[in-house]
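Structure assessment
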Amino acid sequence: MRRNKLSFFLFLSFLFFIASCHQETHDTLPYQCPMKCEGEKIYSEKGTCPVCNMDTQPIEEKILQSENEDEILETSIFNLTSKWNTQNKETIELKDLKGDVLVIVMIYTSCKAACPRLVADMRNIYASVNDKTTKYILVSIDPETDTPERLKEFAIENQMDNNQWVFLQGTVEDVREFSNVLAVKYKRISPLDFSHSNIISVFDQQGVLVHQQEGLGVDNEETIAEIMALSKAVQEVN
Amino acid sequence: MKRISFIVLSIFFIQTNFLAQDMPAMKRINGGDFVPLYGSNEARVSVETFLLDIYPVTNEQYLSFLKTNPKWQKSKVISLFADKNYLSKWENDLSPNKEALPNSPITNISWYAAKAYCDCIGKRLPTMDEWEYVAMASETKRNAQRDSLFNQRIIESYETPQTYKKEVGSTYKNYWGIYDMHGLVWEWTSDFNSVLISGESRKDVDTDKSLFCAGGSVNATDLMDYAAFMRYAFRGSIKANYCIQSLGFRCAKSLKK
């Protein structure tokens, strides 16, 4: 009898083990109403909220759900440990930006062709989203030329000089690594010029890539909608 | 008891030293300039003198790295840094692919992993220009770009399946004393993502016309170098978290100035 109990217990822990593995494969995520009409109530299957009729969403996708503030998701850019100088001569790591929606583009300030248009796109997105929290980040692909001083001048010239705009200078190696995370390609084609991908990327508050806008002169609408949805979710939780 | 732990510790240190002892296995590559495939006729690229590993990194060497750097083990690596094919044929964290020989090149590793390996032993990945500069040397010539037999041999090696199963050093030794630049595995370079060709679906770049195999290819420096086209196209099509069976790496090192 005692033995049976023991094996039953073992069996239970085995089940628990399987279940926890399962969690990792993201097959059985609990669902929750995005509006939290019923507080923290969760459902095991996807459905609709009985109160507001909205589709329930996997909890993992929800923002600020993380119990542990220090936890970094596997796909988060906050796993990068590189250090960066800002236009205000501060040294930061990407994870210092945790908690806000991040809109990121890679440019260089001496660029005459594509970058002014990318910068204009960023400004348009900023104006349309029009919140106080989203961070707009411009990472230089030419860190040798784009010193913090130069980035500061560029920020002022382009009216991008408030705390929502962050310009970053890294090492040549770290910039290369960062471009790989964004799937941005670039190559120095002359001492002064680079050819590069024109991609604006949106990251959620946990540093996970949620949207990319590719190309010049494309419609910003989708990107704006994405940012507003993310930004709004946070404000409501707060 | 103390004695045993002492022995265990010593074995541990001998193992970790393994990588360090491997350091001299590099050759000096004298700098120079050359015209890479993608440049126009005028655009010569210069490469400074540097050191390059004689062989690609092997399964055995990578295993030693994993022992001291558990965060790169198969079960622990994070998805930002490696796709699901990372070490896909390894049975578990410290059991390499059984089909592969200890001295075969490590493959199914991402760019991030390759970079971390080189960083860990004070080296770095070679740049694409450095790699191409060394790869254009045949057994006897520093620059065999115009040697049609050499080029043909490279293309034939690309058509040979499963060359990653061979041991390192099993192909040819080139002018610099470097083995396996062609005929074993493709190799990661630090700036592989500076090739700006993109799929038809992406409109994100001002395309580098000289890299297109179709109409644009007439701009290529040397039409004979079809093999190089294949390499650039391959680089242009991969991402840093990809782990591919035929893709390995070797490390380089700058000379102290």
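This structure is a prediction, so every number in the text was calculated from the model and none was measured. (Residues numbered from 1 in each chain as written. Chains lettered and ligands numbered in written order. Predicted model: local features only at pLDDT ≥ 70, side-chain atom pairs only at ≥ 80, totals over all residues. Heavy atoms only, no water.)

**Thoughts on the overall build of chain B**
Stated formally: Secondary structure counts use DSSP, requiring at least four H or I residues in a row for a helix and at least two E residues in a row for a strand, with both numbered from the N terminus. We call a residue buried when its accessible area falls under 20% of the maximum for its residue type, exposed when it is over 50%, and partly exposed in between, using a 1.4 Å probe and counting protein chains only. Contact definition: two residues touch when any of their heavy atoms are within 4.5 Å.
Secondary structure summary: chain B contains six helices and seven strands in total. Overall, chain B shows an N-to-C arrangement of helices and strands of α-β-β-β-β-α-α-α-α-β-α-β-β. The 257 residues of chain B split such that 50% are buried. Long-range contacts, defined as pairs at least 24 residues apart, comprise 72% of the intrachain contacts of chain B with a sequence gap of at least 6.

**Topic: the pairing of strand E3 (residues 83-86) of chain A**
Residue and element names in this part refer to chain A. For the record, the criterion: Pairing between two strands requires that DSSP report at least two bridges joining them.
By the alternation rule, side chains of E3 split into Trp-84 and Thr-86, which are all buried, and Lys-83 and Asn-85, of which none is buried. Between E3 and strand E4 (residues 91-93), which pair antiparallel one after the other, the connecting turn spans four residues, and Lys-89 there sits at a positive phi close to 60°. For E3 and strand E7 (residues 165-169), the ladder comprises two bridges, and the chain directions are antiparallel. Residue Thr-86 lies in a different strand from E7, and its bridge partner there is Leu-168.

**Here we look at the packing of aromatic side chains**
Stated precisely, the cut-off is as follows: For Phe, Tyr and Trp, where Trp contributes only its six-membered ring, two rings pair if their centres lie within 6.5 Å, and the inter-plane angle classes them as stacked under 30 degrees, edge-to-face over 60, or tilted in between. Here, a charge over a ring is recorded when the distance from Lys NZ or Arg CZ to the ring centre is within 6 Å and its angle to the ring normal is within 35 degrees.
Within this structure, the stated rule accounts for 23 aromatic pairs over all chains. Here the aromatic rings of Phe154(A) and Phe167(A) are separated by 6.0 Å at their centres, their planes lie at 75°, and the arrangement is edge-to-face. One end of the pair, Phe154(A), is in helix H3 (residues 148-157); the other, Phe167(A), is in strand E7, and 13 residues separate them in sequence. Three or more aromatic residues joined by ring pairs form one cluster here, namely Trp72(B), Phe81(B), Trp111(B), Tyr112(B), Trp188(B) and Phe192(B). Positioned above the aromatic ring of Tyr172(B), the side-chain terminus of Arg153(B) is 5.1 Å from the ring centre. The residue whose ring lies beneath Arg235(B) is Tyr232(B), and the NZ or CZ to ring-centre distance is 5.1 Å.

**Observations concerning helix H4 (residues 172-182) of chain A**
Residue and element names in this part refer to chain A. By the criterion of burial, H4 is predominantly enclosed, with nine of the eleven residues buried. Taken as a whole, H4 has its buried residues at Asp-174, Val-175, Arg-176, Glu-177, Phe-178, Ser-179, Asn-180, Val-181 and Leu-182. In the segment just after H4, Ala-183 is the residue with positive phi, at about 55°.

**Remarks on helix H4 (residues 128-135) of chain B**
Along an α-helix, residues three or four positions apart point the same way, because every turn accommodates 3.6 residues. Within H4(B), eight of the eight residues are buried, which leaves it mostly tucked inside the rest of the structure. Along H4(B), the residues classified as buried are Met128(B), Asp129(B), Glu130(B), Trp131(B), Glu132(B), Tyr133(B), Val134(B) and Ala135(B).

**A short note on the environment of Leu66(B)**
The residue Leu66(B) is located in helix H2 (residues 59-68) in this model. The spatial distance from the C-alpha of Leu66(B) to the C-alpha of Asp93(B) is 8.0 Å, given a sequence separation of 27 residues.

**As for the nonpolar core**
All names here are of chain B. Our working rule: For the purposes of this section, nonpolar cores are sets of buried Ala, Val, Leu, Ile, Met, Phe, Trp, Tyr and Cys residues that join through side-chain atoms within 4.5 Å.
Core analysis: the biggest nonpolar cluster contains 83 residues, and Tyr-62, Trp-72, Tyr-86, Ile-109, Trp-188 and Phe-249 have the highest contact counts within it. The greatest single-element share of this core, amounting to seven residues, is contributed by helix H3 (residues 111-120). Grouped together as the second largest cluster of nonpolar side chains are 21 residues, Ile-29, Phe-34, Leu-52 and Met-136 included.

**A short note on the packing of helix H5 (residues 148-159) of chain B against helix H6 (residues 226-237) of chain B**
Packed helix pairs are specified by the crossing angle of their axes together with the interaxial distance, meaning the distance between the axes. Residue and element names in this part refer to chain B. Inclusion rule: Axis definition: a line fitted to C-alpha atoms, over the contacting stretch in the case of helices. Angles run 0 to 180 degrees between N-to-C directions. Oblique is the label for any angle not under 35 degrees, not over 145, and not in the 65 to 115 range, which are roughly parallel, roughly antiparallel and roughly perpendicular in turn. Under the scheme applied here, ten amino acids are nonpolar (Ala, Val, Leu, Ile, Met, Phe, Trp, Tyr, Cys and Pro), four are charged (Asp, Glu, Lys and Arg), and all others, including Gly, are polar.
Two elements in contact, H5 and H6, have axes separated by 8 Å at closest approach and are oriented at 45°. Between H5 and H6, the interaxial angle falls into the category oblique. Facing H5, whose interface residues are Ile-154, Ile-155 and Tyr-158, H6 presents Tyr-226, Ala-227, Met-230 and Arg-231. Here the contact of H5 with H6 is built from residues that sort into six nonpolar, no polar and one charged.

**A few points about the sheet that holds E7(A)**
Sheet strands pair by backbone hydrogen bonding; their relative direction is either parallel or antiparallel. Residues and elements named next belong to chain A. Reading across from one edge, E4-E3-E7-E6-E5-E10-E11 is the order of the seven strands in this open sheet, with mixed pairing throughout. Sheet topology places E4 and strand E11 (209-214) at the edges, where each strand pairs with a single neighbour. For this sheet, the mean angle separating the axes of adjacent strands, direction not counted, is 30°. Sheet topology note: the strand E6 (residues 135-140)/E7 ladder contains four bridges and is parallel.

**Remarks on the confidence of the model for chain B**
How we decide: One number per residue, pLDDT, summarises how confident the predictor is, and it ranges from 0 to 100.
Confidence along chain B averages 83 in pLDDT terms, with 77% of residues attaining 70 or more. Every residue in residues 11-23 of chain B is under pLDDT 50, and counting partners more than four places away or in other chains gives 13 contacts.

**Quick notes on the packing of H2(B) against H3(B)**
Residue and element names in this part refer to chain B. Contact geometry of H2 with H3 gives a least axis separation of 11 Å together with a crossing angle of 75°. Relative to H3, the element H2 is oriented roughly perpendicular. For the pair H2 and H3, contact is made by Gln-61, Tyr-62 and Phe-65 and by Ala-113, Ala-116, Tyr-117 and Cys-120, respectively. For the contact of H2 with H3, the per-class residue count stands at six nonpolar, one polar and no charged.

**Focus: the sheet that holds strand E1 (residues 26-29) of chain B**
Residue and element names in this part refer to chain B. The strand order E1-E4-E7 describes an open sheet built from three strands, whose pairing is antiparallel. The sheet is open, and its two edges are formed by E1 and strand E7 (252-254), each paired on a single side. Adjacent strand axes in the sheet meet at a mean angle of 25°, parallel and antiparallel pairs treated alike. Of the strand pairs in this sheet, E1 and strand E4 (residues 50-53) are connected by four bridges, and their pairing is antiparallel. Bridge assignment links Arg-28 to a residue of E4, and that residue is Leu-51. Across the sheet, H4 is in contact with E1, E4 and E7; its angle to E4 comes to roughly 70°.

**Digging into the pattern of salt bridges**
Pairing between side chains becomes possible if they bear opposite charge and their charged atoms approach one another. To keep things clear, this is the line we draw: The term salt bridge refers to a side-chain nitrogen of Lys or Arg lying within 4 Å of a carboxyl oxygen of Asp or Glu.
Applying the stated rule across the entire model yields 22 salt bridges over all chains. Notably, a salt bridge pairs Glu91(B) with Lys98(B), separated by 3.4 Å at the nearest N-O pair. Taken individually, Glu91(B) and Lys98(B) each receive the classification exposed, so the pair is uniform in this respect. Here Glu132(B) ties to Arg235(B) by a salt bridge, and the two come within 3.0 Å at their closest N and O atoms. Within this pair, whereas Glu132(B) is found in helix H4, its partner Arg235(B) is found in helix H6, the two being separated by 103 residues in sequence. Each of Glu173(A), Glu177(A), Lys115(B) and Asp119(B) takes part in a single network of salt bridges with overlapping partners.

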